[in-house]
Amino acid sequence: MEIGIALPQYGTHARADRIAGFARDAEEAGFDSFWVGDRVLTPVAPSDLYPGHTPENPYPHQYKTFLDPLTVLTVAAGATSRARLGMSTLNGPWYPPALLARSLTSLDQVSGGRLDVGLGIGWLRDEYTAVGADFRKRGALLDELLDVLHGIWTQEEFGHRGPHWTIPLAHVGLRPVQPAGPPVYLGGFSPAALRRVGRRATGWVGAVLPPGAAEGLWDVARRAAEEAGRDPEALCRRIRCNPGPGATADAIAALLEGVRATGADGCFVDLQQSVDSPDEALELGAKVLGLLRG
């Protein structure tokens, strides 16, 4: 199983001056991939609660400070040469597809073809309001975005006319390094989201869930792949692990061992809610890596 780590991006870890050094040191330590998330704002009176939170504590307090995910990945790409670059997840419906395709293709080039695109639809209606996107149509927006990305990455001339976006027929000169574009992983935890994974994606960017829950969702994706004429064995799983404050290296390693036992292809650990600084995250992450590979 490949093992990754979240880049310093939010909360007290949102240190632009530490991204490059953190990425270099993490790659040298042996991590296989680097990951970012996507938040655009943290409302004072939010429309929705973060899963598992309460009105008194509606979301992790660290979310009040968040660096741009594509900028963070670009800095990490320039500082490294081997580790893959992933997103768990970029909220696809927020972005005009033509602009997102340009950014992702550029990042794939900058990284030498190391980009894995992770897309989701988010959970906070206030963020959709802030970016001018329709929360009620988020699934349809994501489907149309996927259509556009695929077309731009595979055609020499591309145009699109859909329910939400129109792109005049145009020459596509900017090409990704990876043939047919970077692998696209999709997030989400509903049956509808996993069916979309099975029909349309390289695989799933999930998270550590209660015993049995992840396997049931994965079965939904596999059945959808089969029904769409795709090979369910080709689907991949990249699983996020979010340890809480004070989590020890032994406890985190045990969590990741549990993920490995499910047959997941990769797992990454986000330590930005566990410790206070990027240096502490790197030290703790290296200990976890040593336990898993030692």
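Look above for the structure.
Since this is a predicted model, take the numbers as computed values, not measurements. (Residues numbered from 1 in each chain as written. Predicted model: local features only at pLDDT ≥ 70, side-chain atom pairs only at ≥ 80, totals over all residues. Heavy atoms only, no water.)

**A closer look at the side chain of D38**
And step 1. Positionally, D38 belongs in the loop between β2 (33-36) and α2 (69-79).
And step 2. For the buried D38, which has no salt bridge, the nearest side chain bearing the opposite charge is R39, at an N-O separation of 7.1 Å.
And step 3. There is a polar contact of 2.9 Å between the side chain of D38 and the backbone nitrogen of N91.
And step 4. When sequence neighbours within four positions are dropped, the list of residues in contact with D38 reads F66, P69, T89, L90, N91, W94 and Y95. (Helix = DSSP H or I, 4+ residues; strand = E, 2+ residues; numbered from the N terminus. Buried < 20%, exposed > 50% of the residue type's maximum accessible area, 1.4 Å probe, protein only. Lys, Arg positive; Asp, Glu negative; His and termini not counted. Salt bridge = Lys/Arg side-chain N within 4 Å of Asp/Glu carboxyl O. Polar contact = N/O pair within 3.5 Å; in protein donor to acceptor, adjacent residues only side chain to side chain. Contact = heavy atoms within 4.5 Å.)

**Here's the deal with the pairing of strand β6 (residues 157-161)**
And step 1. Judged by which residues are buried, β6 turns out to be one-sided: F158 and H160 face inward and are buried, whereas E157, G159 and R161, on the alternate face, are not.
And step 2. Pairing geometry for β6 and strand β7 (residues 166-171), over four bridges, is antiparallel. If you follow R161 over to β7, its bridge partner there is T166.
And step 3. Between the antiparallel neighbours β6 and β7 lie four residues. (Pairing = 2+ DSSP bridges.)

**Observations regarding the packing of aromatic side chains**
One pair of aromatic rings is described through two measures. These are the centre distance and the angle between the planes.
And step 1. According to the stated counting rule, one finds eleven aromatic pairs in the structure shown.
And step 2. Following the ring pairs from residue to residue traces out a cluster consisting of Y10, Y50, Y63, F66 and W123.
And step 3. One Lys or Arg, R138, reaches over the ring of F135 and ends 3.9 Å from the middle of that ring. (Phe/Tyr/Trp six-rings, centres within 6.5 Å; stacked < 30°, edge-to-face > 60°. Lys NZ or Arg CZ within 6 Å of the ring centre and 35° of its normal.)

**Observations regarding the sheet that holds strand β11 (residues 266-269)**
And step 1. Ordered in space as β3-β2-β1-β11-β10-β9-β8-β5-β4, the nine strands form an open sheet in which the pairing is parallel. At either end of the open sheet lies a strand with only one pairing partner, and these are β3 (84-87) and β4 (90-91).
And step 2. The sheet contact formed by strand β10 (residues 236-241) and β11 spans four bridges and is parallel. Its bridge partner being in β11, I239 is matched across the sheet by C267.

**A few points about the layout of surface pockets**
And step 1. By volume, the largest pocket is sized at about 1100 Å³.
And step 2. Lining the largest pocket are 47 residues, and of these Y50, P51, W123, F189 and R240 lie nearest its centre.
And step 3. Mapped onto the lining of the largest pocket, the elements with two or more residues apiece are β2, β5 (117-120), α5 (138-154), α6 (191-200) and β9 (203-207).
And step 4. Split into classes, the residues belonging to the lining of the largest pocket amount to 25 nonpolar, 16 polar and six charged.
And step 5. Taken as a whole, the second largest pocket holds about 240 Å³ of empty space. (1 Å grid on protein atoms, 1.4 Å probe; cavity = no way out; pocket = protein on both sides within 12 Å on 5 of 7 lines; lining within 4 Å. Points joined across faces, edges and corners; volume = space filled by probe spheres on them. Nonpolar A, V, L, I, M, F, W, Y, C, P; charged D, E, K, R; others polar.)

**Notes on empty space enclosed by the protein**
Any space left empty among the atoms is revealed by the rolling of a water-sized probe across them.
And step 1. Applying the stated criterion to the full structure yields two cavities of 30 Å³ or more.
And step 2. Together, I5, A6, P8, H13, F22, L271, Q272 and A281 line the largest cavity.
And step 3. Among the residues making up the lining of the largest cavity, the classes are represented as six nonpolar, two polar and no charged.
And step 4. The volume enclosed by the second largest cavity comes to roughly 30 Å³.

**Observations regarding a nonpolar patch on the surface**
And step 1. Together, V40, L41 and V131 make up an exposed nonpolar region whose accessible area comes to about 190 Å².
And step 2. Residue class for V40 comes out partly exposed when judged on its relative accessible area of 43%. (Patch = residues over 30% accessible without salt bridge, like charges linked within 9 Å, V, L, I, M, F, W, Y side chains within 5 Å. Areas by Shrake-Rupley, 256 points an atom, 1.4 Å probe, with all protein chains shown as cover.)

**Quick word on the pattern of salt bridges**
And step 1. Applying the stated criterion across every chain yields a total of 16 salt bridges.
And step 2. Here E2 and R238 are joined by a salt bridge, their closest N and O atoms 3.5 Å apart. Taken as a pair, E2 in strand β1 (residues 2-6) and R238 in strand β10 lie far apart in primary sequence, 236 residues in all.
And step 3. The class for R238 is buried, based on a relative accessible area of 12%.
And step 4. Where R18 meets D279, a salt bridge forms, and the shortest distance between an N and an O atom there is 2.6 Å. Of this pair, R18 sits in the loop between β1 and α1 (19-29) while D279 sits in helix α9 (residues 278-293); the two residues are 261 residues apart in sequence, bridging distant segments of the chain.
And step 5. When its relative accessible area of 46% is taken as the criterion, D279 is described as partly exposed.

**A word on the nonpolar core**
And step 1. Grouped together as the largest cluster of nonpolar side chains are 68 residues, with contacts concentrated most on L7, F34, M87, L104 and L119.
And step 2. Looking at this core element by element, the count peaks at seven residues for α5.
And step 3. Those residues in contact with L104 that sit more than four places away from it in its chain are L70, M87, L115, V117, L149 and W153. (Core = buried A, V, L, I, M, F, W, Y, C linked by side-chain atoms within 4.5 Å.)

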